[in-house]
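Chain residues, written in single-letter form:
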Amino acid sequence: MKMKFATMAVTAMMAAAPAMADLVFPSLSYRTGPYAAGGIPFADGYADYFTLLNERDGGIGGVPTRLLECETGYNTEKGVECYESTKGEGALVYQPLSTGITYQLIPKTTADGIPMHTMGYGRTSAANGKVFSHTFNYPGTYWNGASGAINYLLAENGGDLNGHKIALVYHNSAYGKEPIRTLEELQKKHGFELSLLPVDHPGQEQKSQWLQIRREKPDTVLMWGWGVMNQVAIQEAANIRFPMENFIGIWWSGAEHDVLSAGAKANGYKALTFHNVGRDFPIFDDIQKYVVDAGKAAGAGDQIGNVLYNRGMYAAMLAAEAAKTAQEIHGTADITPAMMRDGMEALSITEEKMAGLGMPNFGPSFDVSCENHGGPGLVGVTQWDADSQTWSLISDFAETDMEVIGALIEEDSNAYASENNIEMSCN
Amino acid sequence: MFYREAGDFKTTYAADNQTFPIKIDRMGYYVALLVAFLIIPFTINDYWANAILLPFLIYSIAAIGLNILVGYCGQVSLGTGGFMAVGAYACYKLMTSFPEVSIFFHVLLSGGITALVCILFGLPSLRIKGFYLAVATLAAQFFLVWLFNRVPWFYNYSASGQINAPERTVFGVPVTGPNTESWATYLFCLVFLVICALVARNLTRGMAGRKWMAIRDMDIAAEIIGVNPLKAKLTAFGVSGFFIGISGALFFALYLGAVEVGEAFGIQKSFLVLFMIIIGGLGSIFGSFAGAAFLVLLPVVLKVVGVDWLGWPTDIVAHLQLVIVGGLIVMFLILEPHGLAQLWRVAKQKLRLWPFPH
């Protein structure tokens, strides 16, 4: 045992030898386990964008980027191990892609002074930058998602949801429980009926939930699912002949691999999104040229243009832009995590900027501020076409009910602040 | 030649009955304690504490607890994850309800509460045995996880259903929450581990342990010679639950800080701890340590070798890890069914006779 400790000591020291003069972006990915189907394209997109920056532009502001990939398997214990093993290397920003790991890392990253970006997942109330100084979740949160879905239904039903029956099928975890509060508030406001159907990890067992849906015949089914749960839910919905156009998933339940297994029966299934879909963007030509054709793609190179690949790339783009902003603010190319945090807080994404990056119309334009870490929260709806096997955007990126969401964010973040004796910043 | 009893004269029964009758063992034990208490706290860093030492210490406590039940008393349990969850949620409720009481007592009390729950779920063991008992404890596992997910009171009605450890201090030094120093959390867990190991070792050497082993070896024979199976089995469940509860409380409060019951305390946790004691050695305190060290260190070592040294893709290393751990478990079951502890015992036996084995 002691021998092992000795070898480990040497190993850890060799692994932790500091390599300065590059911008370190850890990628806590999961390419194994029941959530790998979603984890792989996201991690590929994240890695490929940084490879592109290195190959095409020589890094960010002349400093090469270095991606540190660490496999978490969507497991919080491994997430902790990954966080501890990468933070010593000058990690600039963490993106764990797991709500469970996010909850764990929020206090740790704040104590260590490293920013964390949980794009469209994690703790929604972290949008309140006064309380959560190092956590960002722009451009949208789960509560925007919940409200966006209800707004879409309102528009579909002529502005009146009285007596409308909605069933929420959700992953029985912190992630899946996230929208419930918002939906309950919106229920009071709009008068629809809400029923909750939890699905336990990993989500292969959903017979009883869909039996209940078949019995209760809700008008709309919302889903907060991830990993293998999505495929099973869409298959079960097809089995009970639930009309797919009344089945709306959150943005983590709307990728190609979720719907492909149900074949033609999945036609018409809808999912929310906060960024554009498809591969009709100039940036993908660059990725093809500099990354895939050069044999430097993170994965097999077959995921380009997939919903989650785009999202991983979008996350990397936002991180890179924040790093650029930080370099401008502090006038140095070699930034630290603290500078990165300032850059994220001063991040401004405009249409021109995105067009210049080869991603015109890819996501909303927004400005992050010290108070608002959550972005504008614009939500669009996409629909699956099983014939052409493509997702297409069927609505604009629309405003959500910030009146309800803002109050909830305020309440939840203040509760967190008083629980943990956090002093409000941004004064 | 040097590792032997000869020459180490003992003049009292107490000296004759001590845990390590051989001098060199005793020295090794004291050196290990010295290193653990006086050297590691000064050299430890965050990575070592959070990735290796804390999980090792905490899983060792859990493994000792399960070893008492499975290894010493022969009652197969698959409910470890659920019982650890009881410890974690008990600790959370105590921490948030009585913030003025020291976390030290909260952890002990969580152990006590888990012991009671464990005894409750141990009651069926009086009527059912072997595989059937394993299934009954499996039910406990699923029921407890369901309960902590289902009843909002357990997680103080938080919107996410997660529990978060607030900051608590011992002698003014924070041991839970984000602003902890690695040496503080390490020492806090180490103190619990040492206490638990001493208690477990001495319980298993005494009357209680003998009763458990009698029940394990043949319960009818044990009953005939006057062992009360009700008391023996339930005390085993209680003591085991106490240790597992402590480990669950530490796992939540010190190691993870935020916990979601289905993910942190699922059935995988039960199997992991069970594998630890199988690989380490059933019915051995040393085996609990060895098994915990093995299963905590192996993934880290494989990751460091595969990803950091050889530069392989992370997913290939993660898959290889599953293959290697699985292969090792099968190999151990075939080659050394009594685990690492037996290897240790054989090595000591050989060393005692060395260099004249005949």
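For every chain, the first residue of the written sequence is number 1, and numbering continues from 1 along that sequence. Chains carry letters and ligands carry numbers; both start at the beginning, A for chains and 1 for ligands, and go up in the order they are written. Under the rules for a predicted model, residues below a pLDDT of 70 receive no local features and side-chain atom pairs below 80 are neither given nor counted, while totals for whole chains, interfaces and linings still include all residues.

1. Examining the overall build of chain A
When you go through chain A residue by residue, the secondary structure sums to 15 helices and 13 strands. Oriented by its inertia axes, the alpha-carbon framework of chain A measures out at about 60 × 55 × 50 Å. Every C-beta atom is placed from the backbone, and the number of other C-beta atoms within 10 Å of a residue's own sets its class: buried at 20 or more, exposed at 12 or fewer, partly exposed in between. Relative to its full complement of 427 residues, chain A shows a buried share of 58%. A separation threshold of at least 6 residues defines the contact pool for chain A, and within that pool the share at least 24 residues apart is 71%. Each helix is a run of DSSP H or I of at least 4 residues and each strand a run of E of at least 2, with the numbering of both proceeding from the N terminus. Think of it this way: build a C-beta for each residue from its backbone, and any pair within 7 Å is a contact.

2. Digging into the overall build of chain B
Summing up its helical and strand segments, chain B has 15 helices and 4 strands in all. Between the two quantities, the radius of gyration covers C-alpha atoms and the globule rule is 2.2 Å times the number of residues to the power 0.38. A compact globule built from 358 residues would reach a C-alpha radius of gyration of about 21 Å, and chain B, at 21 Å, matches this within 12%. Seen through its C-alpha atoms, chain B measures out along the principal axes to roughly 70 × 55 × 45 Å. Each of the 358 residues in chain B was classed as buried or not, and the buried ones make up 49%. When contacts within chain B are restricted to residue pairs at least 6 apart in sequence, those whose partners lie at least 24 apart make up 75%.

3. A few points about the domain arrangement of chain A
Residue and element names in this part refer to chain A. The domain boundaries assigned to chain A delineate domain 1 (21-141 + 278-376) and domain 2 (142-274 + 380-406). Source of the domain bounds: an automatic or database domain assignment. The distance between the C-alpha centroids of domain 1 and domain 2 comes to 26 Å. Counting residues at the interface gives 19 residues for domain 1 and 22 residues for domain 2. Broken down by element, the side of domain 1 that touches domain 2 gets its largest block of residues, 3 residues, from helix α4 (residues 99-112). Note that Gly is not counted as nonpolar here; it falls among the polar residues with everything else outside the nonpolar set of Ala, Val, Leu, Ile, Met, Phe, Trp, Tyr, Cys and Pro and the charged set of Asp, Glu, Lys and Arg. Partitioning the side of domain 1 that touches domain 2 into residue classes produces 9 nonpolar, 10 polar and no charged.

4. Considerations on the interface of chain B and chain A
With 33 residues of chain B at the interface, the matching set in chain A holds 37 residues. Secondary structure elements with two or more residues in the side of chain B that touches chain A: α3 (46-72), α11 (261-264), α13 (285-309) and α14 (314-335) of chain B. The element contributing the most residues to the side of chain B that touches chain A is α13(B), with 7 residues. The residue inventory of the side of chain B that touches chain A, partitioned by class, reads 17 nonpolar, 11 polar and 5 charged.

5. As for the sheet that holds strand β7 (residues 220-224) of chain A
All names here are of chain A. A pair of strands counts as paired when DSSP detects no fewer than two bridges linking them. Pairing is mixed across the open sheet formed by 7 strands, whose spatial order is β6-β5-β7-β8-β9-β12-β13. Each having just a single partner strand, β6 (193-199) and β13 (390-393) make up the two edges of the open sheet. Taken pair by pair, the neighbouring strands of this sheet meet at an average axis angle of 25°, ignoring direction. Across 3 bridges, β7 lies against strand β8 (residues 247-249) in parallel orientation. Looking at the pairing, Val-221 lines up with Phe-247 of β8. Think of each axis as a best-fit line through the C-alpha atoms, taken over the contacting stretch in the case of a helix, with angles from 0 to 180 degrees between the N-to-C directions.

6. Considerations on the environment of A:Val259
All names here are of chain A. Locating Val-259 in the fold gives a position in helix α10 (residues 256-260). Distance from Val-259 to Ala-271, taken between C-alpha atoms, is 11 Å for residues 12 residues apart in sequence. Ignoring anything within four residues of it in the chain, the contact list for Val-259 reads Ile-234, Ala-266, Tyr-269 and Trp-384.

7. Thoughts on the environment of B:Val31
Mapped onto the elements, B:Val31 comes out in helix α2 (residues 23-43). For the pair formed by B:Val31 and B:Lys10, sequence separation is 21 residues and the distance between their alpha carbons is 22 Å.

8. Remarks on the pairing of strand β2 (residues 65-71) of chain A
Residue and element names in this part refer to chain A. The element β2 is extensively covered by neighbouring structure, given that 5 of its 7 residues are classed as buried. With 7 bridges joining them, strand β1 (residues 23-29) and β2 adopt parallel strand pairing. Considered in β2, the bridge of Leu-28 is made with Cys-70. Handedness of a crossover is defined as follows: orient the strands so they point away from the viewer, and if the path from the first strand over the helix to the second runs clockwise, the crossover is right-handed. Note on the crossover from β1 through helix α2 (residues 36-57) to β2: the handedness is right-handed.

9. Observations concerning unusual backbone geometry
Residue and element names in this part refer to chain A. With omega at 5°, the peptide bond leading from Tyr-138 into Pro-139 counts as cis. The topology assignment puts Pro-139 in the loop between β4 (135-136) and α5 (142-156). With an omega dihedral of -5°, the bond running from His-201 to Pro-202 counts as a cis peptide bond. Relative to the elements of secondary structure, Pro-202 occurs in the loop between β6 and α8 (207-216). Phi angles above zero are rare outside glycine, and Lys-217 is one such case at about 45°. Mapping Lys-217 onto the fold places it in the loop between α8 and β7. The phi torsion at Arg-241 lies on the positive side, around 55°, for a residue other than glycine. You can see Arg-241 is positioned in the loop between α9 (228-239) and β8.

10. Some words on α4(A)
Residue and element names in this part refer to chain A. Along its 14 residues, α4 runs 19 Å from first to last C-alpha, staying within 8% of the 20 Å computed at 1.5 Å per residue. Two axes enter the definition of the bend at a residue: one is fitted to the seven residues ending there, the other to the seven starting there, and the bend is the angle between them. Along α4, the sharpest change in direction is near 40° and occurs at Leu-105; proline Pro-107 comes one to four residues later. Burial within α4 is extensive, with 12 of its 14 residues counted as buried. Along α4, the positions that sit buried rather than exposed are Thr-99, Gly-100, Ile-101, Thr-102, Tyr-103, Gln-104, Leu-105, Ile-106, Pro-107, Lys-108, Thr-109 and Thr-110. Once α4 ends, the next one or two residues include Gly-113, with phi positive near 75°. Helix span is expected to be 1.5 Å times the residue number reduced by one.

11. Considerations on the pairing of β7(A)
The two faces of a sheet get side chains in turn, since along a regular strand they alternate between them. Residue and element names in this part refer to chain A. Counting buried residues in β7 gives 5 out of 5 residues, a clear majority hidden from the surface. Burial along β7 is two-sided: the face carrying Thr-220, Leu-222 and Trp-224 and the face carrying Val-221 and Met-223 are both buried. Strand direction decides the pairing type here: strand β5 (residues 165-171) and β7, joined by 5 bridges, are parallel. In the sheet register, Ile-166 faces β7, and the bridge partner there is Thr-220. Taken together, β7, α9 and β8 constitute a β-α-β crossover, and its handedness is right-handed.

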